[in-house]
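# Per-entry structural report
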Amino acid sequence: MKVLGIMGSPRIKGNTDLLLDEALKGARSQGAGVEKIIVDRLNISPCREYYGCLRDGNCIIKDDMDALYPKLFSDDMVILASPIFFYGLSAQVKVLIDRCQALWSRINVLHQQPTPGRKGALIAVGATRGQKLFDGAILTAKYFFKAIGVSYADELLVQGVDKRGEIKEHPTTLLEAFELGKRLAQK
Ligand SMILES: Cc1cc2nc3c(=O)[nH]c(=O)nc-3n(C[C@H](O)[C@H](O)[C@H](O)COP(=O)(O)O)c2cc1C
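Summarised in this report is the structure supplied together with it. (Residues numbered from 1 in each chain as written. Predicted model: local features only at pLDDT ≥ 70, side-chain atom pairs only at ≥ 80, totals over all residues. Heavy atoms only, no water.)

## Some remarks on the overall build of the protein
- When helices and strands are counted, the protein shows 7 helices and 5 strands.
- Secondary structure elements of the protein, listed N to C terminal, follow the sequence β-α-β-α-α-β-α-α-β-α-β-α.
- Scaling as 2.2 N^0.38, a compact globule of 187 residues should have a C-alpha radius of gyration of about 16 Å, and the protein matches this with 16 Å.
- Taking the principal axes of its C-alpha atoms as reference, the protein extends roughly 50 × 35 × 30 Å.
- Burial status across the protein gives 51% buried among its 187 residues. (Helix = DSSP H or I, 4+ residues; strand = E, 2+ residues; numbered from the N terminus. Rg over C-alpha atoms; globule rule 2.2 N^0.38 Å. Buried < 20%, exposed > 50% of the residue type's maximum accessible area, 1.4 Å probe, protein only.)

## Here we look at the site of the ligand
- Among the 17 residues in the neighbourhood of the ligand, the closest are listed as Ser9, Thr16, Thr128, Val161 and Asp162.
- One nitrogen or oxygen atom from the main chain of Asn15 is found 2.9 Å from an oxygen atom belonging to the ligand.
- The separation between a nitrogen atom of the ligand and a polar main-chain atom of Phe86 is 2.8 Å.
- Taken by itself the ligand offers 650 Å² of open surface, and the protein chains cover 78% of this. (Near = heavy atom within 4 Å. Polar contact = N/O pair within 3.5 Å; in protein donor to acceptor, adjacent residues only side chain to side chain. Areas by Shrake-Rupley, 256 points an atom, 1.4 Å probe, with all protein chains shown as cover.)

## Some words on the sheet that holds strand E2 (residues 33-38)
- Pairing within the open sheet is parallel, and its 5 strands lie in the order E2-E1-E3-E4-E5. On the outer flanks of this sheet lie E2 and strand E5 (151-158), each paired with one strand and no other. Looking at each pair of strands side by side, their axes are set apart by 15° on average, direction ignored.
- Pairing between strand E1 (residues 2-7) and E2: 6 bridges, direction parallel. Paired with Val3 across the bridge in E2 is Val34.
- Most of the contacts of helix H4 (residues 91-99) go to strand E3 (residues 77-83), to which it runs at about 140°, and overall it touches E1, E2 and E3.
- Against the sheet, helix H7 (residues 171-186) engages E3, strand E4 (119-125) and E5, with an angle of about 170° to E5. (Pairing = 2+ DSSP bridges. Axes fitted to C-alpha atoms, helices over the stretch in contact; angles between N-to-C directions. Contact = heavy atoms within 4.5 Å.)

So far we have only geometry, and geometry alone does not tell us how the molecule works.
Structure below.
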């Protein structure tokens, strides 16, 4: 069992980062192998709509997505973690997601199958408490998971947390993140 954690905040040791670390700890506690990628540290171009992926499922842009595609297409579990920026996922995460059009093409155009039974979870954290705070992020995350052949299996949505590392004042929420990782690794 391999769990890929996608850390979508530019803020290292921020709320998203700390929540994802707990989730990965939870997965590790069940014997899963884990890998965390910090999207902000990678060189990933936005999708340029060259549509090379429609021909063979590969993007013609050569950057850090090259190393990510195999993981996104085969790791058993994917945890997508992002702060809420303007009612959506962070720009870092959105750029990575858009480049997954290549994986969408593999499945939907070229009829290649990713590893079956893969599951994903969303961790999102925002400062305010608006009723629709997570609607945009959930919609994009669900469609992202679908595009890469992963079912949307779990979520942890955290409201009212703003300052860097403020999540440490919410030990119960950190525990919930740990439990999410644990559950995912048991599925
Ligand atoms: C560019 C930007 C946009 C933001 N937009 C929202 C928003 O729409 N709603 C909200 O509740 N919080 C918003 N926030 C606050 C962050 O979601 C919040 O500070 C979060 O805890 C940051 O997580 P991090 O420490 O993992 O980066 C925004 C912050 C930034 C920097």
